[in-house]
Amino acid sequence: MKVLVCVKQTFDTEAKIELKDGKIADAGINLIINPYDEVAVEGAIQLKEKGIAKEIVIVAAGSDKAMDAIRTALAMGADRGILVQQDTAADEFARAVALAEAIKAENPNIILAGHVAADDGSSQVPTRVAEILGLPHVNVITAVEIAGDKATCTSEADGGTQVTEVSLPAVISSQVSWNEPRYPSMKGIMAAKKKPVATAAAAAAENKVKILEFSLPPAKAAGIKLEDEPEVCATKLAEWMKNTVKVEVK
Amino acid sequence: MDFSLSDESLMMRDMFRKFSKNEVEPLAAETDRTHEFPMGTFKKMADLGLTGLPIPEEWGGAGASYLDFAMFVEELAKCCASTAVIMSVHTGLGCMSTYLYGSQRVKEKYLRALATGEIVGAYALTEPNAGSDAASLKCKAEDKGDYFLVNGSKIFITNGIVATTYCTFVKSDPTQGSGRGITCLVIEKDTPGFTMSKPVAKMGMNGSPTVELYFEDVKVPKENVLGEINDGFKVAMGLLAGGRVTIAAQGLGIGEGALDYTVQYIKERQQFGKPLAANQGVQFMVADMAAALDAAQLLVYRAAWLKDNGLPHNKEASMAKKFATDTGMEVCTNCVQLMGGYGYCNEFPVERMMRDVKITQIYEGSNQIQRMIIGRETIGRF
Ligand SMILES: Cc1cc2nc3c(=O)[nH]c(=O)nc-3n(C[C@H](O)[C@H](O)[C@H](O)COP(=O)(O)OP(=O)(O)OC[C@H]3O[C@@H](n4cnc5c(N)ncnc54)[C@H](O)[C@@H]3O)c2cc1C
């Protein structure tokens, strides 16, 4: 079975976001593999360890910098990579078209991805890819069992879990609680540079979203500290909410 | 001049960082309190191939550079200095001694097991009466044909309590003067006549127990000689030149860890109606620390780079060791100062860091000894 994992190179989750000339400044920012995708890579490796997956192919769309995300996945244990070269300004639609094109050529049995990217957080790409390819999509999974050409996926649902059975091929996107991604071992890191990574041009697609402006969320105002008997605190808090925060009570 | 790291080194550094933050830091305070060797962490490092970084793959190592190894010790030290010295001694002295000076037979016997972290290595040079003046060591070894008979003791041995191999320096020819007639032997634990003390009580580095070793008629096979018989002091000094690079990395890392923590703290702690960080007097202290740590890092990386490129690095390693560990000490002292009474309490990590960092100025050649080396190399003959 061939498992393909889509990974994205994102800002380090601890990076400080700043705007420069109306754009997000990326100079000096540490880039990492999207933590949600890292979970998908780990899931693929575990399928390989169980003897279900034979080959794990990593696909990333983006600039040459995305190569680092591919190499990290290879160091963790994936077999080969494909870098789909695309302008970083591509939106979710254009991204999905480019990925779907690359996936089609690979014809994998399972397509894994994180359910969301830690940077723009739009949660669209896996769903769009499934739609373009005409494949079923199971989202935010926390476990998966493969038997023959069926996958039984457990995912989070309000107040419980949902179990979905899909026929393969399918797009399956992971919740972080699926697994604990391994550290790339030294052996893995040393082997990663010898594993093949192909580059491909992105299929042409116009963005559907036009970005008008970036702005940072307003700075959080200092809170208040109430130190008194509980009843007095409650009264003061209610007054503060009504008069200062101006919470409307209907 | 190129200051960039290779793609592999960057990937390694990310992994070292993540591992240290997630697996090592959460145990640091506990390890300091219980005084227990963090064997669980050592095993995790073994599983990831981190116990023999600069040893070639054919011997079970990772085939990484000495610079990668120094960065690993630095990252560990940011989180837990004890774990950092354990790794510095195990790999830098335990593995490297057999790799650089062991015969094929010795390598087969010990190196793979050491590099893969199956066993732990120790280095025993210091004696109660031979510290800075290690050349005057007295631990006796009589040549008995196919083995040496060892009698004497060693003190302050890192990893001593858990090691399987002890790279031990003995006086094999007492007729020769100081620094000569010394042989380096690999002595195995559980060899009859080889015993050790309980860990000594120390100021810091509590997670790295330090013991005294006693040898009473201990028979060591001749095949366990590292380097040449009666020429072992060269081995001791050769290893320490490399070892100093990672002790320097340790002093640097402890300082960086302390400064990182303190910078967060001074942004949050309010006095006089504003964060401590808003005072220029505080900012200047932070600036001096940041600049000194950066200079220390450059010295450490340069020394490692020289070693990786097979260039002389004796003076440079000593400079890095002296400067980085003095800087680490100064930074930790200032970080405790900036955190006030809280900095002095063991609820906050800088208290432990200040206790831990002190020894980096003393072991693997005190900083006075480093100055002697630098002075000698700088002044030359006269
Ligand atoms: C926690 C810990 C772990 C250690 N681990 C190991 C280990 O694994 N293996 C090992 O072999 N050793 C180890 N050591 C020993 C360490 O390397 C020695 O303590 C160190 O070399 C100093 O020797 P000393 O303690 O005998 O001090 P001394 O040599 O007595 O020196 C005392 C002071 O005098 C100064 N001094 C000495 N001579 C001169 C001089 N000529 N000019 C100016 N100043 C001078 C020194 O710098 C020092 O400040 C360890 C020590 C400790 C505390």
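Residues numbered from 1 in each chain as written. Chains lettered and ligands numbered in written order. Predicted model: local features only at pLDDT ≥ 70, side-chain atom pairs only at ≥ 80, totals over all residues. Heavy atoms only, no water.

The subject of this paragraph is the layout of surface pockets. Residues and elements named next belong to chain B. In this structure, the second largest pocket occupies an estimated 1000 Å³ of space. Forming the walls of the second largest pocket are 40 residues, and the residues nearest its centre are Thr126, Ile362, Tyr363, Glu364 and Gly365. For the lining of the second largest pocket, the element with the most residues is helix H6 (residues 232-268), which contributes five residues. Broken down by class, the residue content of the lining of the second largest pocket amounts to 23 nonpolar, 10 polar and seven charged. (1 Å grid on protein atoms, 1.4 Å probe; cavity = no way out; pocket = protein on both sides within 12 Å on 5 of 7 lines; lining within 4 Å. Points joined across faces, edges and corners; volume = space filled by probe spheres on them. Helix = DSSP H or I, 4+ residues; strand = E, 2+ residues; numbered from the N terminus. Nonpolar A, V, L, I, M, F, W, Y, C, P; charged D, E, K, R; others polar.)

Residue and element names in this part refer to chain A. Spatial ordering of the open sheet is given by S11-S10-S9-S12-S8-S1-S6-S7-S13, a layout of nine strands whose pairing is mixed. Each end of this open sheet is capped by a strand with a single partner; those strands are strand S11 (160-167) and strand S13 (197-201). With direction set aside, neighbouring strand axes in the sheet form an average angle of 30°. Where strand S8 (residues 110-114) meets strand S12 (residues 170-174), five bridges bridge the pair, whose relative direction is parallel. Following the sheet pairing, isoleucine 110 is matched in S12 by alanine 170. Strands in contact with helix H1 (residues 35-49) are strand S1 (2-6), strand S6 (55-62), S8, strand S9 (137-147) and S12; relative to S8, the strand with the most contacts, it is inclined by about 145°. (Pairing = 2+ DSSP bridges. Axes fitted to C-alpha atoms, helices over the stretch in contact; angles between N-to-C directions. Contact = heavy atoms within 4.5 Å.)

Turning to the site of the ligand, a few remarks are in order. Residues and elements named next belong to chain B. Close contacts around the ligand come from 18 residues, with Thr126, Ser132, Phe156, Thr158 and Ser366 the closest. Between the ligand and leucine 125 there is a distance of 2.9 Å, counted from an oxygen atom to a backbone nitrogen or oxygen. One nitrogen or oxygen atom from the main chain of phenylalanine 156 is found 2.8 Å from a nitrogen atom belonging to the ligand. The protein chains hide 65% of the 970 Å² of surface that the ligand would expose on its own. Taking a 2 Å distance to the grid points as the criterion, the majority of the atoms of the ligand fall inside the second largest pocket. Contributions of two or more residues to the shell around the ligand are made by strand S1 (121-124), strand S3 (147-158) and helix H10 (367-379). (Near = heavy atom within 4 Å. Polar contact = N/O pair within 3.5 Å; in protein donor to acceptor, adjacent residues only side chain to side chain. Areas by Shrake-Rupley, 256 points an atom, 1.4 Å probe, with all protein chains shown as cover. Sits in = over half its atoms within 2 Å of the grid points.)

The next point concerns a nonpolar patch on the surface. Residues and elements named next belong to chain A. On the surface, Ile17, Leu19, Ile24, Val209, Ile211, Phe214 and Leu216 cluster together into a nonpolar patch covering about 560 Å² of accessible area. Take isoleucine 17: it is sitting in the loop between strand S2 (9-11) and strand S3 (19-20). On the accessibility criterion, isoleucine 17 (37% relative accessible area) is partly exposed. (Patch = residues over 30% accessible without salt bridge, like charges linked within 9 Å, V, L, I, M, F, W, Y side chains within 5 Å. Salt bridge = Lys/Arg side-chain N within 4 Å of Asp/Glu carboxyl O. Buried < 20%, exposed > 50% of the residue type's maximum accessible area, 1.4 Å probe, protein only.)

Before going further, it helps to spend a moment on empty space enclosed by the protein. Residue and element names in this part refer to chain B. Taken as a whole and assessed by the stated rule, the structure comprises two cavities of 30 Å³ or more. There is about 40 Å³ of room inside the largest cavity. Together, Ala77, Lys78, Cys79, Cys80, Ala81, Ile254, Arg352, Met353 and Asp356 line the largest cavity. Elements represented by at least two residues in the lining of the largest cavity include exactly helix H3 (66-79) and helix H9 (349-357).

Below, the discussion takes up the pairing of strand S4 (residues 165-171) of chain B. Residues and elements named next belong to chain B. Counting buried residues in S4 gives seven out of seven residues, a clear majority hidden from the surface. Residues Thr165, Cys167, Phe169 and Lys171 line one face of S4 and the alternating positions Tyr166, Thr168 and Val170 line the opposite face, and both faces are buried. Across four bridges, S1 lies against S4 in parallel orientation. Residue alanine 124 lies in a different strand from S4, and its bridge partner there is threonine 168. As paired strands, S4 and strand S5 (residues 182-188) are joined by seven bridges and run antiparallel to one another. Within the sheet, the bridge partner assigned to tyrosine 166 lies in S5 and is isoleucine 187.

On to the interface of chain A and chain B, then. Contact residues are listed per partner, giving 12 residues for chain A and 18 residues for chain B. Together chain A and chain B conceal approximately 1300 Å² of surface at their shared face, both sides included; 67% is due to carbon and sulfur atoms. Our count for the chain A to chain B interface comes out at two salt bridges. Taken together, chain A and chain B are joined by three residue pairs in polar contact (both at pLDDT 80 or more). Of all the secondary-structure elements, those providing two or more residues to the side of chain A that touches chain B are helix H2 (67-76) and helix H5 (186-192) of chain A. In terms of residue class, the side of chain A that touches chain B is made up of six nonpolar, three polar and three charged. (Buried area = accessible area lost by both parts, 1.4 Å probe.)

If you walk through the whole model with that rule in mind, you get 10 aromatic pairs over all chains. Arranged with centres 6.2 Å apart and planes meeting at 50°, the rings of Phe37(B) and Phe42(B) form a pair that is tilted. The structure contains a cluster of three or more aromatic residues connected by ring pairs, namely Tyr261(B), Tyr265(B), Tyr342(B) and Phe348(B). In this structure, Lys208(A) is placed above the aromatic ring of Phe93(A), and the distance from its NZ or CZ to the ring centre is 4.5 Å. (Phe/Tyr/Trp six-rings, centres within 6.5 Å; stacked < 30°, edge-to-face > 60°. Lys NZ or Arg CZ within 6 Å of the ring centre and 35° of its normal.)

All right, on to the environment of Glu55(A) then. All names here are of chain A. Inspection of the secondary structure puts glutamate 55 in strand S6. Remark: the alpha-carbon pair of glutamate 55 and isoleucine 132, spanning 77 residues in sequence, is separated by 24 Å. Excluding residues that lie within four positions of it along the chain, glutamate 55 makes contacts with Met1, Lys2, Val3, Asp79 and Arg80. Among the polar contacts listed, one links the side chain of glutamate 55 to the side chain of arginine 80, at a separation of 2.6 Å.

Once that is clear, we can look at the environment of Ile45(A). All names here are of chain A. With respect to the element layout, isoleucine 45 can be found in helix H1. Overall, isoleucine 45 belongs to the buried group, its relative accessible area being 5%. The spacing of isoleucine 45 and alanine 73 is 28 residues in sequence and 9.7 Å in space, taken between C-alpha atoms. The residues contacting isoleucine 45, other than those within four sequence positions of it, are Ile56, Met76, Gly77, Ala78 and Arg182.

Looking now at the domain arrangement of chain B. All names here are of chain B. Each assigned domain of chain B is listed here: domain 1 (7-115), domain 2 (121-233) and domain 3 (234-379). Inter-centroid distance (C-alpha atoms) of domain 1 to domain 3 is 20 Å. Across the contact, 25 residues belong to domain 1 and 29 residues belong to domain 3. Both faces considered, domain 1 and domain 3 share a buried interface measuring about 2100 Å² in area, 64% of it formed by carbon and sulfur atoms. On the domain 1 side of the contact with domain 3, Tyr66, Glu74 and Tyr101 bury the most area, a combined 28% of that side's loss. One can count one salt bridge joining domain 1 with domain 3. At the junction of domain 1 and domain 3, the tally comes to nine residue pairs in polar contact (both at pLDDT 80 or more). Looking at the side of domain 1 that touches domain 3, the elements that each hand over two or more residues are helix H1 (7-34), H3 and helix H4 (81-101). If you tally residues by element for the side of domain 1 that touches domain 3, the top one is H4, at 11 residues. Of the residues belonging to the side of domain 1 that touches domain 3, the class tally is 18 nonpolar, four polar and three charged. (Domains from an automatic or database assignment.)

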